[in-house]
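Listed below, chain by chain, are the residues.
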Amino acid sequence: MAPGPDLLLQMYAGMLRVRLFEERVRELFANGRLPGFLHTSIGQEACAVGACAALRADDYVLSTHRGHGHLIAKGGALRGLMAELYGKANGVCHGKGGSMHLADASVNYLGANGVLAAGCVLAPGVGLSIKRRGSAQVVVTFFGDGAANRGPFHEGVNLAAVWTLPVVFFCENNRWASSTASSLSAAGGSIAARAAGYGIPGETVDGNDVLAVWEATTRAVLRARRGEGPSLIEARTIRWVGHFEGDAQAYRTKAEVEEGRRTDPLARLGRLLEARQLLDAAHAGRIRAGVVAEIDDAVAHAETSPLPAPQDALADLFASYPWSR
Amino acid sequence: MPVLDMGDALNLALREEMRRDPRVYCIGEDIVLGLPFGVTKGLVDEFGPERVLNAPISEAAIVGSAMGAAVTGLVPVVDMHFADFVTCAMDEVVNQIAKSRYMFGGQLDCPLTLRMPYGIGRSGGGHHSNSVEAWFVNTPGLKVCIPSTPADARGLLKTAIRDPDPVLVFEHRGLYRVTGEVPEAETPVPLGAADVKRPGRDVTVIATARMVHASLEAARRLAEEGVEVEVVDPRSLVPLDREALALSVRRTHRAVIAEEGPMRASVGAWLAWVIMEDCFDDLDAPIVRVAAPDVPIPFSPPLEGFVTPDADDVVAAVRQTLK
């Protein structure tokens, strides 16, 4: 089981799209263009892209506070995402959600989440509806190493396992729960090993190797589609940036960030594609130019889009509006 | 009209809605056997284990999975077992379910019902007796109803299940075996429609759930003294039928608000503000509130009895408004 040339190139472009998008939003945030808090996934692109490349368009994704990459990898439009980060009226959630609290139902992206491990208990319900429909869809719920210490992770894995639901629990272990080291907060030394307690497959992969991520996710997805139940994947990766934009990162060494850059998942796939003669500098340049143009377009669209009317703060609470107090 | 108790009326509502809509399913702890209060008894025989799901004791997963199912095409009815246990799923109710439509700009429907068996009685003790409805009235994005009779319970539960948004149904566990007439025909009760349970010209008592019955008892006693009490049951708290409450108070010029939960920052405190805002010029006396003291619910019968608001308390409150 290995991805063909087209898929490899797609994943390369996908990782580049996430990387350049995140770099651009960091810049926009630093320049005061984006309100709120910002958490970017630079360095972790192989997880989002490798996992989502194993999915069908009608599969579901549940995400985290660090979720832009998951949405982009799932096929979300950059315009709606960028406009949402700007808090604009035509953002994908009309400015109600923002970076940490957005969903894009058009690509079955059921939400970033401000609460860690929240998706781990939503996912079994998505799995239940899939099972009832008999549609052989799958739901992937992303979470971090920090979230794996919350109760909903355990409740969700247990429920999905005991009811044999088509869920892939995908842990992006980037070593840090905010500023607390995983080694100081997660007992046992392995998140994947926790799967054994629930009688489901648990697998650790190099989260900076997009092929390994794709292969592991594909195995888990096929198992879920066959009706054999959930799997747990722990992808070990490195967060190049702070927990949030503006995080001074006093808690970790420069060496770790350098290690991240040495194991850059994007450069790694680029080298592999070159070695297989699937990519040369000119081709890579064209891919980059295309992605840059998409991002420029999304930024221009967001910049020129209107802000929401203030009174729209009262809309969309319930299906019918206005409602009685 | 057939006479049913509230538990059987709720059971009937579940059967009717599960027959009507194959997307509806029930989930909770021990619900296949109909525990703890008999409401789901026998459903599994008609609808099978696919639609009557005994879940592990994992409140976060029960409630969270219900949202996951609701936003992807099913219509879950969650049995919270005891409303007190919702604390183990507060993130799911408050951060996830309540915000599922609003935060995502209206992209997702979350047609989900949470059945909340609650209330003081039979020495339930500190973790099995609490009135927690105020927490959810204070959470934008949730609808909250609180029936007092079998007919209302059946009608409100049916409406809750059909609603495209999350609805909490507070079922007082002391009322499950209280009987009443239930219409033969399917009769959904709309949210936001109060009901006058007893007309009267002198004092309005706004009461919920078990306190409706305590207030009716108080009204019977006061009638013997020539005081005519009007008992108004809001039936749903979100949305609230402000007009019906105001209509009554404008006629009686006096208001008592009776609930079972603790006094502080409660539903009654909010209703008192509603009446103040809508009827200040019509009031001839300060609003008087009946509620439990601000302590956890104790175990021993005399202690439990002491903190339980009852008809005596309503009688005293009505007298106070007439001073």
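Here is what the cut-offs are and how they apply
- Residues numbered from 1 in each chain as written.
- Chains lettered and ligands numbered in written order.
- Predicted model: local features only at pLDDT ≥ 70, side-chain atom pairs only at ≥ 80, totals over all residues.
- Helix = DSSP H or I, 4+ residues; strand = E, 2+ residues; numbered from the N terminus.
- Buried ≥ 20, exposed ≤ 12 C-beta atoms within 10 Å, placed from the backbone.
- Axes fitted to C-alpha atoms, helices over the stretch in contact; angles between N-to-C directions.
- Parallel < 35°, antiparallel > 145°, perpendicular 65-115°, else oblique.
- Left-handed = near helix turned anticlockwise from the far one by under 90°.
- Contact = placed C-beta atoms within 7 Å.
- Nonpolar A, V, L, I, M, F, W, Y, C, P; charged D, E, K, R; others polar.
- Domains from an automatic or database assignment.

### Details of unusual backbone geometry
A cis amide bond links Leu-35 of chain B to the next residue, Pro-36 of chain B, at an omega of 0°. By the element assignment, Pro-36 of chain B lies in the loop between β2 (24–28) and α2 (43–47). Of the consecutive residues Val-238 of chain B and Pro-239 of chain B, the connecting peptide bond is found in the cis state with omega at -5°. Although it is not a glycine, Arg-175 of chain A sits at a positive phi angle of roughly 80°. Within the secondary structure, Arg-175 of chain A sits in the loop between β3 (167–173) and β4 (176–177). Using a count of 16 C-beta atoms within 10 Å as the deciding quantity, one classes Arg-175 of chain A as partly exposed. The residue His-81 of chain B is not glycine, and still its phi comes out positive at about 70°. Take His-81 of chain B: it is sitting in the loop between β4 (75–79) and α4 (90–97).

### Focus: the packing of helix α1 (residues 5–30) of chain A against helix α2 (residues 45–52) of chain A
Residues and elements named next belong to chain A. Viewed as axis vectors pointing N to C, α1 and α2 meet at an angle of 135°, and their least axial separation amounts to 9 Å. Classified by the angle their axes make, α1 and α2 are oblique. Helix-helix and strand crossings are classified by hand; for α1 and α2 the assignment is right-handed. Counted together, Met-11, Gly-14, Met-15, Val-18 and Arg-19 of α1 and Glu-45, Ala-46, Ala-48, Val-49 and Gly-50 of α2 form the full contact between these two elements. When grouped by side-chain class, the residues that make up the contact of α1 with α2 number six nonpolar, two polar and two charged.

### Section: the interface of chain A and chain B
In this assembly, 37 residues from chain A lie in contact with 35 residues from chain B. Counting residues per element, the ones that place at least two in the side of chain A that touches chain B are α5 (118–133) and α6 (151–162) of chain A. Classifying every residue of the side of chain A that touches chain B by side-chain character gives 21 nonpolar, ten polar and six charged.

### Remarks on the domain arrangement of chain B
Where interface size is given, it is often the accessible area lost as the parts come together that is meant. Residue and element names in this part refer to chain B. Segmentation of chain B into domains returns domain 1 (3–181) and domain 2 (195–322). Just the C-alpha atoms count here: the centres of domain 1 and domain 2 sit 26 Å apart. Each partner contributes residues to the interface: domain 1 has 25 residues there, and domain 2 has 24 residues. Among the elements of the structure, α5 (133–137), β6 (143–145), α6 (150–162) and β7 (167–172) are those that each provide at least two residues to the side of domain 1 that touches domain 2. Grouping the amino acids of the side of domain 1 that touches domain 2 by side-chain chemistry returns eleven nonpolar, eleven polar and three charged.

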